[in-house]
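The chain contents come next:
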Amino acid sequence: MKKSFRCIFTAAAFFIMITFPGCAGKPAPLETQNFAAGNFGNYLSPEGEELVRTGIRYHDQGDYQNALNYYNQAMEHDPNHPVILYEMGYSYISMGNYNAAVEMADKGIAEAKNKGYAEVIPSLLDLKGSALDNMGRSEDAINVYLEAINVYGVSNTFIYYNLAVSYYRIERREDAVKALTYGLTINANHASSNYLMGKICMEDGKKTQAFYSLCYFLLLEPNTERATQSYNTILYMLRQEEMIGVSDKGAFTASDMIISVAFALDDENFRLSDAEKTKAKLYYIITNLDDMKNSGKIQRSNGDELWWDFYSPFFNRIAVSDYFGIFCRYIGFSSDPDAGDWIENGRDEIEGFFEWLNEPVE
């Protein structure tokens, strides 16, 4: 069955990230989410809910100790409540106190079972897995994530990203890629999943997959340290020396060669600026990869859905549009000294680009 991929972009979110770089800082290796605040009223007393919400505000400000103080006060109104225990564990993991986070998660799971709050357990398992992985217990973390998925039916991109990180840390790279792929079918716009996918594929010599993943990541996160690393990796792939070490495994071997020979375009474009040369090579790669796929020059293999059904048509649609120049400059934001002026003066065209991306494709 063909898998579908969600890719809804919000231009306003991109401008917030660019205007206020702190909103897109380098995330922790693993990612967890606060329990859905809108559901607190279904679980907690009014007094406990107010104290928990206050604690979350302190947590979000990085004042974890004050957050814990308010969670402890909330416990007086709702003793040993699994939702409060989750929030306490979340603050402990943010403080780097992983043992305490595991203790809170285990206690919360036991209380959730006793109180009949089974729906809270997956979040507690995700928290426990993150803490265990940060303690260097990746195998244990994997078992916890798989319990959340297989026993409790967790199906969100965060859990699959965390699972992939744990697999990656113990060199189970194929399992990491499978977990990332599954998570991206749920939400293709999870930046860290795209970034890790690109990193793993590049390390494994799978340049086509790395190219697509990193380009998509740069649409989601164009102005961070990770963005600079990702864009430099793409530029490296476009240079002549990247001819060395071409992967000879998998269905994408022929398409990897397209990336490797793109540098030759510099000879005929020698009068162009570096930015224009890069644009020409990106156009050559994207359109040729899509053509090779559609013409049967590369054969589809099991597990290629992400690249075959999503990335390839997505980027080819951009390449043959009037927005390709905007795309090329946007993904190179982190390396463009004039990017700030461009963002300020070109807001309308950039917003138009992201509005166009969200239009239904026939």
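Residues numbered from 1 in each chain as written. Predicted model: local features only at pLDDT ≥ 70, side-chain atom pairs only at ≥ 80, totals over all residues. Heavy atoms only, no water.

(A) Region of the structure containing the nonpolar core. Within the largest apolar cluster, 108 residues are counted, with the highest numbers of intra-cluster contacts made by F211, L219, F315, I318 and F327. It is helix α11 (residues 207–220) that provides the largest number of residues to this core, a total of 10 residues. Setting aside its immediate chain neighbours within four residues, F211 contacts I234, M237, I259, L282, I285, I286 and L289. (Core = buried A, V, L, I, M, F, W, Y, C linked by side-chain atoms within 4.5 Å. Buried < 20%, exposed > 50% of the residue type's maximum accessible area, 1.4 Å probe, protein only. Helix = DSSP H or I, 4+ residues; strand = E, 2+ residues; numbered from the N terminus. Contact = heavy atoms within 4.5 Å.)

(B) Summary view of the pattern of salt bridges. Applying the stated criterion across every chain, the model contains 14 salt bridges. Here R173 ties to E171 by a salt bridge, and the two come within 3.6 Å at their closest N and O atoms. A relative accessible area of 17% places R173 in the buried class. Through salt bridges with shared partners, one network takes in E171, R173, K199, E203 and D204. (Salt bridge = Lys/Arg side-chain N within 4 Å of Asp/Glu carboxyl O.)

(C) Structural context of the environment of L196. One can find L196 in helix α10 (residues 191–203). On the accessibility criterion, L196 (7% relative accessible area) is buried. Every residue in contact with L196, bar those within four places of it in the chain, is listed here: Y161, A164, V165, Y168 and L180.

(D) Broad picture of α11. Between the first and last C-alpha of α11 there are 20 Å, a value that for 14 residues agrees with the 20 Å anticipated at 1.5 Å per step. Most of α11 is tucked away, with 14 of its 14 residues classed as buried. (Expected span 1.5 Å × (residues − 1).)

(E) The arrangement of the confidence of the model for the protein in detail. Looking at the protein, pLDDT values average 84 and 84% of them are 70 or higher. Per-residue pLDDT, averaged within each element of the protein, yields its smallest value for helix α1 (residues 11–19) (39) and its largest for helix α3 (residues 64–77) (97). Low confidence marks residues 1–6, where pLDDT is under 50. Its contacts with residues over four positions away, or in another chain, come to 16 contacts. Residue range residues 242–250 is modelled with pLDDT below 50. Its contacts to residues more than four positions away, or to other chains, number 16 contacts. (pLDDT = per-residue confidence, 0-100.)

(F) Layout of unusual backbone geometry. Phi is positive for N80, which is not a glycine, with a value near 50°. When you line up the elements, N80 lands in the loop between α3 and α4 (82–95). One non-glycine residue, E171, adopts positive backbone phi at about 65°. By secondary structure assignment, the location of E171 is in the loop between α8 (157–169) and α9 (173–186).

(G) Structural detail: helix α7 (residues 138–150). With 13 residues, α7 should reach 18 Å at 1.5 Å per residue; the first-to-last C-alpha distance of 18 Å fits that figure. Buried residues along α7 sit against α6 (121–134) and α8.

(H) Quick peek at the packing of α8 against α9. Where α8 contacts α9, the axes come no closer than 8 Å and their chain directions differ by 170°. The orientation of α8 relative to α9 falls into the category roughly antiparallel. Side by side, α8 and α9 meet where T157, Y160, Y161, L163, A164, Y167 and Y168 of the first sit next to R173, D175, A176, A179, L180, Y182, G183 and I186 of the second. Looking at the contact of α8 with α9 residue by residue, the classes come out as 11 nonpolar, two polar and two charged. (Axes fitted to C-alpha atoms, helices over the stretch in contact; angles between N-to-C directions. Parallel < 35°, antiparallel > 145°, perpendicular 65-115°, else oblique. Nonpolar A, V, L, I, M, F, W, Y, C, P; charged D, E, K, R; others polar.)

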